[in-house]
Amino acid sequence: MDFIDEEGFRANVGIILTDGGGQVLIAGRRGRTGWQFPQGGVRHEESVEAAMYRELGEEIGLVPEDVELIGVTRDWLRYRLPEKYVHRQRLPVCIGQKQRWFLLNLKADPAKVRFDLSTQPEFDRHKWVDYWRPVKEVIYFKRRVYVAALTELGPLAFPGSGPPPQPAWWPRRWQSES
């Protein structure tokens, strides 16, 4: 059972997997059109790092030896679910997620990424995209968290040069947040 705090936020980990060349992996939700970073819930009595490695295996088939841990966000990043996604009949009620984001570098062959190691795979495809592209690909209510995670971890992903400039499609209202 995943942990939901007293405010109704489900504890969760997000994974930004880089290829070491400036691209990041996003995965396509099984049977849907959406794309997102791998992520998943933190169980009771589980550390966030243990949850991240468990989700890494369950969602994209990688083990700790396949990756290098580069960094993690300092604090929880939160987003609220739109009301239509809140299941009030389930207790405790989950109104959103609080996430710790991990930046990993893939050391293994990219062909090791697979989705058939779980009994109920969440994803059925993946692609490597430019660093900021996931912000545009993810469902709208997660975008500000993606901006915050990519912005905070960007200097670690691109040591020396810093992350690439924000693309032309980047909304002006986000510029003050990054």
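Residues numbered from 1 in each chain as written. Predicted model: local features only at pLDDT ≥ 70, side-chain atom pairs only at ≥ 80, totals over all residues. Heavy atoms only, no water.

Draft legend 1. Examining the nonpolar core more closely. The biggest cluster of nonpolar side chains holds 26 residues, and the ones touching the most others in it are Ile16, Phe37, Trp101, Tyr131 and Leu150. Only strand E2 (23-29), strand E6 (77-80), strand E7 (96-106) and helix H3 (143-157) provide two or more residues apiece to this core. Here the element with the most residues in this core is H3; it accounts for six residues. Of all hydrophobic cores here, the second largest spans 20 residues; its members include Leu25, Ala27, Ala51 and Phe123. (Core = buried A, V, L, I, M, F, W, Y, C linked by side-chain atoms within 4.5 Å. Buried < 20%, exposed > 50% of the residue type's maximum accessible area, 1.4 Å probe, protein only. Helix = DSSP H or I, 4+ residues; strand = E, 2+ residues; numbered from the N terminus.)

Draft legend 2. Up close: the pattern of salt bridges. According to the stated counting rule, one finds 14 salt bridges in the structure shown. Between glutamate 58 and arginine 54 there is a salt bridge; the shortest N-O distance is 3.3 Å. On the criterion of helical spacing, the pair formed by glutamate 58 and arginine 54 is a turn pair, its members being four residues apart in helix H1 (residues 48-60). On the accessibility criterion, glutamate 58 (32% relative accessible area) is partly exposed. Residue classification places arginine 54 among the buried positions, given a relative accessible area of 16%. A salt bridge links arginine 133 to glutamate 137; the nearest nitrogen and oxygen atoms lie 2.8 Å apart. Remark: glutamate 137 and arginine 133 occur in helix H2 (residues 133-137); sequence separation between them is four residues, near one turn of the helix. A network of salt bridges, in which partner residues are shared, links Arg43, Glu46, Arg54, Glu55 and Glu58. (Salt bridge = Lys/Arg side-chain N within 4 Å of Asp/Glu carboxyl O.)

Draft legend 3. Region of the structure containing a nonpolar patch on the surface. A contiguous nonpolar patch, built from Tyr85, Ile139 and Tyr140 and spanning about 270 Å² of accessible area, is present on the exposed surface. Along the chain, tyrosine 85 turns up in the loop between E6 and E7. (Patch = residues over 30% accessible without salt bridge, like charges linked within 9 Å, V, L, I, M, F, W, Y side chains within 5 Å. Areas by Shrake-Rupley, 256 points an atom, 1.4 Å probe, with all protein chains shown as cover.)

Draft legend 4. Seen up close, the packing of aromatic side chains. Tallied over the entire structure, the rule returns eleven aromatic pairs. Seen from their ring centres, tyrosine 131 and phenylalanine 158 are 5.1 Å apart, and the 85° between their planes marks the pair as edge-to-face. Remark: phenylalanine 158 occurs in the loop between H3 and helix H4 (172-175) and tyrosine 131 occurs in the loop between strand E8 (123-130) and H2; sequence separation between them is 27 residues. Among the residues examined, tyrosine 131 registers a relative accessible area of 1% and is labelled buried. With a centroid separation of 5.4 Å and an interplanar angle of 90°, the aromatic rings of tyrosine 140 and phenylalanine 141 are classed as edge-to-face. Since its relative accessible area comes to 47%, tyrosine 140 is described here as partly exposed. A residue is classified by how much of its surface remains accessible, and phenylalanine 141, at 15% relative accessible area, is buried. Of the aromatic side chains, those joined through ring pairs into one cluster are Tyr131, Trp132, Phe158, Trp169 and Trp170. In this arrangement the basic side chain of lysine 98 is found over the ring face of tryptophan 76, its NZ or CZ atom lying 4.9 Å from the centre. The positively charged end of arginine 100 is found above the aromatic ring belonging to tryptophan 76, 6.0 Å away from the centroid. (Phe/Tyr/Trp six-rings, centres within 6.5 Å; stacked < 30°, edge-to-face > 60°. Lys NZ or Arg CZ within 6 Å of the ring centre and 35° of its normal.)

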